[in-house]
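Structural features, examined
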Amino acid sequence: MASSVTIPKQLGFGQTTRSDAWWMQPIAVFLGFSAFIVYSTWAALQGTDIAHCYYWFGPGNQYADGQNYLSPFYSPTLFGSTPHPGIFGVMPSWWPALLPFSPAFLIMWIPAGFRFTCYYYRGAYYKAFWLDPVNCAVGEPRKSYLGERYLPLILQNVHRYFMYLALVFIVILGRDAWDSLWFADATGANHFGVAIGSLVLIVNVILLAGYTLGCHSLRHLVGGFLDAKSKASACASCYNAVTCLNTKHMLWAWLSLGWVGFTDVYIRLCAMGIWHDFRFF
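Quick summary incoming for the structure in this document. Note that the coordinates shown come from a computational prediction; the quantities given were computed from them, not determined experimentally. (Residues numbered from 1 in each chain as written. Predicted model: local features only at pLDDT ≥ 70, side-chain atom pairs only at ≥ 80, totals over all residues. Heavy atoms only, no water.)

Attention now goes to the packing of aromatic side chains. Counted according to the given criterion, the structure contains 31 aromatic pairs. Joined through ring pairs, the aromatic side chains of F30, F33, F114, Y120, Y121, F129, Y211 and W254 make up one cluster. (Phe/Tyr/Trp six-rings, centres within 6.5 Å; stacked < 30°, edge-to-face > 60°.)

As structure tokens, this is what we get:
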């Protein structure tokens with residue numbers, strides 16, 4: 001006996017039968033993302049002032065006591081500014097004269113691109129900024145969906161390539177955390193020690209590693225690109241290890257986002273003499 005199925009009528013924008021406060025999540029995401037975008041943009045633009053090199057706290061800074069801290073927004077510093085030149089010196093000659101120069105401009109596009117194309121972040125900011133959809137079971141503004149096979153959303157597929165670069169950044173930031181554990185005395189000799197700034201940088205790289213190593217694309221990569229992970233035991237073990245982090249991917253994403261911003265704040269305020277970096281030993 002044939003049976004008929006009634007397809008529910010598509011809800012209008014914002015319409016829903018949900019009785020909970022479904023709008024709280026997209027609002028919180030919108031405010032959180034907006035706050036970070038505004039601050040990180042402001043912090044990157046501060047590197048254009050060569051007289052106030054507040055993204056770095058180390059030798060040459062009047063408030064530093066042997067520390068060597070570098071903001072993750074500026075690491076690695078390829079081309080720096082006086083008094084903290086980069087790996088290849090100060091502002092490059094090929095930089096357009098009409099554009100302000102900041103060392104952050106050369107590297108921030110990599111972690112920004114990694115997060116912008118992240119599978120979790122896509123779902124989060126699609127709801128919070130594009131209202132597409134506003135939330136689950138809530139009417140959305142568009143009537144059709146082309147998926148991520150066409151422009152502009154097909155560009156989201158570059159996420160796997162940003163992931164390769166993000167893994168390199170974990171190594172670089174890990175080196176920064178290691179360098180923060182060595183303090184120069186009056187003679188210039190380095191001694192091992194731990195200060196609040198050291199812990200801030202160590203926590204930063206741990207949180208960023210937790211977020212990066214839980215990446216969906218990395219799970220597919222270490223799984224050997226196999227549809228059935230049971231085909232290779234080694235790949236299955238790696239896949240399961242990444243999955244442990246991936247199950248809390250949202251938590252790692254938010255904790256690392258907030259802490260990387262705080263790390264820049266901490267180093268900046270120390271360099272300005274507003275906060276004093278306490279050394280435990």
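Right, picking up where we left off after that structure.
Once that is clear, we can look at the pattern of salt bridges. Scanning the model with the defined rule gives four salt bridges in all. With a shortest N-O distance of 2.8 Å, R18 and D20 are connected by a salt bridge. Assessed through its relative accessible area of 27%, R18 is described here as partly exposed. Of the charged contacts, one joins R279 and D65 as a salt bridge, the two residues approaching to 3.7 Å between their closest N and O atoms. Placement of R279 in the segment after α8 (249-271) and of D65 in the loop between β1 (56-57) and β2 (69-70) is noted, with a sequence separation of 214 residues between them. (Salt bridge = Lys/Arg side-chain N within 4 Å of Asp/Glu carboxyl O. Buried < 20%, exposed > 50% of the residue type's maximum accessible area, 1.4 Å probe, protein only. Helix = DSSP H or I, 4+ residues; strand = E, 2+ residues; numbered from the N terminus.)

Right, let's talk about the side chain of S256 for a bit. Along the chain, the position of S256 falls in helix α8. S256 sits in the buried class, given a relative accessible area of 1%. Within the local environment of S256, its side chain forms a polar contact with the backbone oxygen of A253, the two atoms lying 3.1 Å apart. Sequence-distant contacts of S256, defined by excluding residues within four places in its chain, comprise R115, L207, L208 and Y211. (Polar contact = N/O pair within 3.5 Å; in protein donor to acceptor, adjacent residues only side chain to side chain. Contact = heavy atoms within 4.5 Å.)

Here the focus is helix α4 (residues 159-179). With 21 residues, α4 should cover 30 Å at 1.5 Å per step; its first-to-last C-alpha distance of 30 Å lies within 8% of that length. Within α4, burial applies to H159, F162, M163, A166, F169, I170, L173, D176 and A177. Taken end-on, α4 shows its buried residues confined to a sector of 125°, consistent with a single buried face. Facing away from the buried side of α4 by over 90 degrees, the exposed positions are Y161, V171 and R175. In the core, the buried residues of α4 are packed alongside β2, α2 (109-116), α3 (119-128), α5 (196-212) and α6 (216-222). (Expected span 1.5 Å × (residues − 1). Arc of directions from axis to C-beta.)

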